[in-house]
Amino acid sequence: MSSTVIIIPSRLQAQRLPDKPLKLINQKEMILHVYDLAIRSSIGEVLVVTPDKAIFELVENYGGKSFLSKDFHETGTDRVFEGFNKFFSNKPEFIINLQGDMPNLNAKDIIKLKDYLNKKKCDIATLASTLESQLEVNDKNIVKVITKESIENSDFFEAIDFKREDAAKESKYIYHHIGIYGFTKEALIRYVNLKRSKLEIERKLEQMRALENKMKIHVGYTESSPLSVDTEEDLIEIRKIMEKNDKK
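The structure contained in this document is the topic of the report that follows.

Conventions used here
Residues numbered from 1 in each chain as written. Predicted model: local features only at pLDDT ≥ 70, side-chain atom pairs only at ≥ 80, totals over all residues. Heavy atoms only, no water. Helix = DSSP H or I, 4+ residues; strand = E, 2+ residues; numbered from the N terminus. Polar contact = N/O pair within 3.5 Å; in protein donor to acceptor, adjacent residues only side chain to side chain. Contact = heavy atoms within 4.5 Å. Expected span 1.5 Å × (residues − 1). Buried < 20%, exposed > 50% of the residue type's maximum accessible area, 1.4 Å probe, protein only. Axes fitted to C-alpha atoms, helices over the stretch in contact; angles between N-to-C directions. Parallel < 35°, antiparallel > 145°, perpendicular 65-115°, else oblique. Left-handed = near helix turned anticlockwise from the far one by under 90°. Phe/Tyr/Trp six-rings, centres within 6.5 Å; stacked < 30°, edge-to-face > 60°. Nonpolar A, V, L, I, M, F, W, Y, C, P; charged D, E, K, R; others polar.

## Regarding the side chain of S129
For step 1, the next point in the chain: Mapped onto the elements, S129 comes out in strand β7 (residues 124-129).
For step 2, the next point in the chain: A polar side-chain atom of S129 sits 3.3 Å from a polar atom in the side chain of S225.
For step 3, the next point in the chain: Those residues in contact with S129, other than ones at most four positions away along the chain, are Y175, H176, I178, Y221, T222, S224 and S225.

## A short note on helix α1 (residues 30-41)
For step 1, the next point in the chain: The end-to-end C-alpha distance of α1 is 17 Å, a good match for the 16 Å that 12 residues give at a rise of 1.5 Å each.
For step 2, the next point in the chain: Counting buried positions over the 12 residues of α1 gives 10, a clear majority of the element.
For step 3, the next point in the chain: Residues of α1 that are buried include every one of M30, I31, L32, H33, V34, Y35, D36, L37, A38 and S41, and no others.

## Some details on the packing of helix α3 (residues 76-86) against helix α6 (residues 185-192)
For step 1, the next point in the chain: Here α3 crosses α6 at 125°, and the two axes come no closer than 10 Å. Considering their axes alone, α3 and α6 lie oblique with respect to each other. When you trace α3 past α6, the crossing you get is left-handed. Contact residues: T77, D78, F81 and F84 in α3; K185, L188, I189, Y191 and V192 in α6.

## Description of unusual backbone geometry
For step 1, the next point in the chain: Of note, the phi angle at K120 is positive, near 55°, even though the residue is not glycine.
For step 2, the next point in the chain: With respect to the secondary-structure elements, K120 resides in the loop between α4 (107-117) and β7.
For step 3, the next point in the chain: Under the relative-accessibility criterion, K120 is labelled exposed at 58%.
For step 4, the next point in the chain: Notably, K204 is not glycine yet its phi reads approximately 55°, a positive angle.
For step 5, the next point in the chain: As for its placement among the helices and strands, K204 is situated in the loop between α7 (198-203) and α8 (207-212).

## Remarks on the packing of aromatic side chains
For step 1, the next point in the chain: Tallied over the entire structure, the rule returns 8 aromatic pairs.
For step 2, the next point in the chain: Joined through ring pairs, the aromatic side chains of F67, F87 and F88 make up one cluster.

## Concerning the packing of α1 against α4
Packed helices, taken two at a time, are described by the angle their axes make and the gap between the axes.
For step 1, the next point in the chain: The interhelical angle for the contact between α1 and α4, taken along N-to-C directions, is 55°, at an axis separation of 8 Å. When the interaxial angle is binned, α1 and α4 end up oblique. For α1 against α4, the interelement crossing comes out right-handed. Of the residues in α4, those in contact with L37, A38, R40 and S41 of α1 are A107, I110 and I111.
For step 2, the next point in the chain: Class assignment for the residues of the contact of α1 with α4 results in 5 nonpolar, 1 polar and 1 charged.

## Here we look at α4
For step 1, the next point in the chain: Taken as a whole, α4 has its buried residues at A107, D109, I110, L113, Y116 and L117.
For step 2, the next point in the chain: Among the structural elements, β1 (4-9), α1, β6 (94-98), β7, β10 (174-184) and β11 (217-221) are those in contact with the buried residues of α4.
For step 3, the next point in the chain: Where α4 begins, one side-chain oxygen reaches toward the backbone nitrogen of K108, 2.9 Å away; that side chain belongs to N106.

Okay, here's the thing in structure tokens:
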């Protein structure tokens, strides 16, 4: 077993775009695009964790590894932990939590996250990119991360806060957060044993549980801005982007 594993939580019951893991992009289901980019990173075993037999069977028939989790989890990280605990028996030293709705993430970003995790300078590592406009700064659907220092020279620096709005008033080091997380084994076990925190619930941001319990989150920079597919409009946009990239 590799020291690093990639676990992709995926389920059909998304409120804004039901069945989105099975939506086709270039004649292939979204979850399989995400699985493939995880495989391309070549950093370790890849597992899709899902409560839905349709996703489980799709991945297994594709030749991938999947695990049927229990139906209800309060967060995606809790679902990731179930796969880590039951499928991998808590053995890997590092766990990459890769969202199942970012099919155009660059595989090199996963490698960058893994390489930084190996340095053991933080509990959790994640990525961010540039906010392209004031519209993005004000967009409540875009999660912003505020860091202590500039990350644009490719260094990782500590996260101060994560917000959906009003973040620009607080710091000049504000970025578009990318929903991928790297945990050390110890950090993941600690995280899932903490109670859900006040700001986690209020802001609907899992990472606030870690910050409110003094866990260190370090943020690295990526030049790419992968689209998180949450709505039908996002799906239309990602199809255009990936079809264009395939023609290059």
